[in-house]
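Summary of the model geometry
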Amino acid sequence: MNENTQKIDSIKLEISDEVVIRIQDMNKWYGAFHVLKNINLEVNRGERIVVCGPSGSGKSTMIRCINRLEEHQEGHIYVDDIELTGNLKHIDAIRREVGMVFQHFNLFPHLTVLDNCTLAPIWVKKMSKKEAEEIGMQYLERVKIPEQALKYPGQLSGGQQQRVAIARSLCMSPKIMLFDEPTSALDPEMIKEVLDTMISLAEEGMTMICVTHEMGFAKTVANRVIFMDGGAIIEQNEPNNFFDHPQHERTKLFLSQILAH
Amino acid sequence: MGDNNRTNYGIVNAKPIADRDAPISTTGFIGWLRENLFSSVGNSILTIIGLLFIAYTVPSILNWTLFDAVWSGGADACRENPHAACWTFAGSWWEFFLYGFYDRTQRWRIDLVLWVLYVGVAFVVVDDDVRKTRPTSTILGFFIAIVSMVFMSLMIQHGAPVMWTMAATLITVGLVIWAWGLPNGRSRLGLLLLFAYPVLVFFMLGGGVLGLSKIATSDWGGFSLTLVIAITGIVASLPIGILLALGRRSDMPVLRLVSTLFIEFWRGVPLITVLFMANFMLPLFAPEGANIDQLLRALIGVALFSSAYMAEVVRGGLQAISKGQYEGAMSLGLSYWKMMGLIVMPQALKIVIPGIVNTFIGLFKDTTLVLIIGLLDFLSSVQTASTNPDWSIRSVPYSGYIFVAFIFWLHCYGMARYSQHLEDKLNTGHKR
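Residues numbered from 1 in each chain as written. Chains lettered and ligands numbered in written order. Predicted model: local features only at pLDDT ≥ 70, side-chain atom pairs only at ≥ 80, totals over all residues. Heavy atoms only, no water.

**So, the overall build of chain A**
Check the secondary structure of chain A and you find ten helices and ten strands. Computed over the C-alpha atoms, the radius of gyration of chain A is 18 Å, within 12% of the 18 Å expected from 2.2 N^0.38 for a compact globule of 261 residues. Projected onto its principal axes, the C-alpha positions of chain A cover 55 × 45 × 35 Å. Looking at chain A as a whole, 56% of its 261 residues qualify as buried. Looking at chain A as shown, the accessible area adds up to about 11200 Å², and 49% of this sits on carbon and sulfur atoms. Here chain A carries 28 positive and 36 negative side-chain charges, and the mean point of each set is 4 Å from the other. (Helix = DSSP H or I, 4+ residues; strand = E, 2+ residues; numbered from the N terminus. Rg over C-alpha atoms; globule rule 2.2 N^0.38 Å. Buried < 20%, exposed > 50% of the residue type's maximum accessible area, 1.4 Å probe, protein only. Areas by Shrake-Rupley, 256 points an atom, 1.4 Å probe, with all protein chains shown as cover. Lys, Arg positive; Asp, Glu negative; His and termini not counted. Charge placed at Lys NZ, Arg CZ, Asp CG, Glu CD.)

**Observations regarding helix H10 (residues 249-259) of chain A**
Residues and elements named next belong to chain A. Inspection of H10 places Thr251, Phe254 and Leu255 among the buried residues, and these make up the whole buried set. Here the buried residues of H10 occupy an arc of 95 degrees about the axis, which is enough to place them on one side. H10 presents Glu249 and Gln257 as exposed residues on the side facing more than 90 degrees away from its buried surface. Turning to H10, the residues buried within the fold contact strand E3 (48-52), strand E9 (224-229), strand E10 (232-237) and helix H9 (239-244). (Arc of directions from axis to C-beta. Contact = heavy atoms within 4.5 Å.)

**Notes on the pairing of strand E7 (residues 176-180) of chain A**
Residue and element names in this part refer to chain A. In terms of burial, E7 is a largely internal element, five of the five residues being buried. Burial of the side chains of E7 extends over both faces: Ile176, Leu178 and Asp180 are buried on one face and Met177 and Phe179 on the other. Across four bridges, strand E6 (residues 98-101) lies against E7 in parallel orientation. Directly across from Val98, in E7, lies its bridge partner Ile176. Taking the sense of rotation as the criterion, the β-α-β connection linking E7, helix H7 (residues 188-203) and strand E8 (residues 207-211) turns out right-handed. (Pairing = 2+ DSSP bridges. Right-handed = clockwise from strand over helix to strand, strands pointing away.)

**Regarding the domain arrangement of chain B**
In terms of domains, chain B is made up of domain 1 (32-60), domain 2 (103-214) and domain 3 (225-375). Once you take the C-alpha centre of each, domain 1 of chain B and domain 2 of chain B turn out to be 48 Å apart. (Domains from an automatic or database assignment.)

**So, the sheet that holds E9 of chain A**
All names here are of chain A. With respect to topology, six strands assemble into an open sheet ordered E6-E7-E8-E3-E9-E10, the strand pairing being mixed. Of all strands in the sheet, those with a lone pairing partner are E6 and E10, marking the two edges. With direction set aside, neighbouring strand axes in the sheet form an average angle of 20 degrees. Note: E3 against E9, four bridges, orientation parallel. Among the inter-strand pairings, Ile49 is bridged to a residue of E9, identified as Arg224. Relative to E6, helix H3 (residues 88-97) is tilted by about 65 degrees, and along the sheet it contacts E6 and E7. Where helix H6 (residues 158-170) meets the sheet, it contacts E6 and E7, and its direction lies at approximately 170 degrees from that of E6. (Axes fitted to C-alpha atoms, helices over the stretch in contact; angles between N-to-C directions.)

Shown next, in the form of C-alpha cells:
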C-alpha cells in the first residue's frame, strides 16, 4: 500500500467543472422488483469515483445503465450531453465514449489478444487494420503485455486477461471508463497488477467509475466514494471523510464488516 | 519462527525427486492387453467370444465382397458365380448411376461440374499453412492433377466441344493457381465456390445459355442428381437456419413467433410428407397453367426442411454463449449484426460443428427419399438397373446396395473427418 500512498499526491489532480455524466431521478425495475431508486449523480471530467455497497445493492446495475447494458424506466441519463434513450444512434454514440471493464473480463476467446483490441477500432471506428494494430500494440504496451499479443485469451492468467480487457477498452479512446468489480474474479496475487494499471489510468486524468471492494484503492485513488444499499445511494463523500466519519448507520455497519479483518 | 519447540515440524524438501519408469505391468503391449482385453474374468471371456465371432464372420465377408467377387466381364460372369459380389454390375452401369437419363451427348456438362466440385473441395479442405508444407502440397497437387485428368478424359469421351474442355481446364486450374498464392486462398476460394457453384451447376446442367441445349430436370438423375439436391440443401440450410435461430431468440415478439412456428412446422412433419405435398398437392393449389418444376419443388422442400433442423442446431450454439460476450461486444459499440457476425456466431457455430455436420450428413442421405416422388436419384438408379432382365442375378441387388452404401459412406465419412479437423483447428478457447 505504501507505493500507492505515494501516488495519491500526484493524482489529486484537478477535476474539471465540465459534467460528463448526469443521472437525474433514475428508477429501474426488474419486473416488479424496484432495483434502482431515485438515483441522482453528477460526474465531472477527471473524477475517480468508487461505488461500494453490499451485494444486491444495485451498484453494478447503476453503472451498467450508463452504457445501456441495462435499460432504465424513469428519469434521465446524459453522457456528454447526449441523452440515453431508446434511440440507437444515441446508444452507439455513448458506447463509443464509454469503455467498460467487467468482472469476468468478457474477452473474445476465439480472437487473439491483439485482435480483441483491434476489433472495435476496425469495425466501429472504421480504422485501417494497420492503424488499429499500431494502436492496439501501443495500449498492450501500456498494460505491460505486448509479448502476449498473438496469444489467445485462454492462454493468459486472469490478471493478464483483465489487463487485456482494459487495453481493449482504451483502444476506442473512451472519455469515461466504467469498472464493474474488475478484481473480484482474480487470485490475490493478480489483483495488484490490475489495480496498478487502473492507478496509472487515473494518473492520466481518465474519468473513472469503479464498482469495487478494494477499499485501499478507494482510499488512495478515488476523489469520491459512493455507498449504495437497497438500490439507493445512501451516502457519498470524499474518501477520508467517508472512511473516518461515516454518517449513516448502514454505512458504519458496512465499513465495520469489511474493515474488521 | 522463533518457536524452538516446534522446529521438528519444519520440513523442507530441498532435492527434487527424479522420475522413475512405470512398472512393466502398466505399460507396453502386455500392459495394454491386460488393461483393455483381460482386465477381469468376465472381460476375458467376452474377448475370446469376440475373437471367435470375428474369426467366424470376417473371412466369409471378405470372400464374398473381395476374393470370390466378380471384378471383370459382363452379366454372364456374375451368373456363373452367383454366391459372391458382382462388381461388374457397377462397372457396366456406372454411367447410368452417375448421370441417370441425362442426354448422352451432353454428359460432359456434368463432368465439368463434378470436376470443379471435387477439385474445389480438395483445395478448400486443406488449410493454407499446411498447404505450403512439402508433403501436403505434393499430395494435393497430385490429387488435383489426377481428378483433373479423370474428368478431362471423361469430358472428351462424352464429346465435349474443345472450347468447353479448354474453358473447364482454364477455370479449374486457374482458380487453384489463383487461390494457391493468396494469403487466405482457402477461404476466398471457398466463399467464391459457395456462391458461384450453385449458379454454375444450374446453368451447366439446365442449359439454355451460351449455346447449351436445354435439358429438362426430369432427365437429370443418378449420383449427380443426389449431389444437386444435397448441395442445394446444404448451401441453403445454413444461412436460413442461422436467420431462423436468430429470429427465434429475438426480442421482437412477432419475429420470434413467426420463426418458432416455421421451425416447429417443418420439424414436425416427415420429409416424405413434405416431398409428397410438394409434388402432388402444390399443383392442386397452384393457379391453372403455373407449372413449377418438379425438381425445384423437391429442392425447396428439402431446403426448408433442413433449415428448420439447422435452426435448432444453431440455437443450441447460441445458448452456450455467455451473456458476457454480448455485453463485451455491446460495450465496445458493436451493432447487433456486427456483434452476431464477429463475436457470437463464430463461437456458437464452432461449438455446434458436430451438430451442423450431423445435419448435413443426415440431409445427404435423406436425399434418397426423393425416389418416392419419382425422381431418379442415385439409389433409385441402382435399383432400376438391378431390375434389368439381363442382370436378374441373385447377387446383383446386394452388390448394388453395397455399392450405394459405399459411395454414400465415402462422402459422409469425408464430411465427418473434415468436421473433426475443423473442431481441432478452431479450438482456441482452452489451448494452453
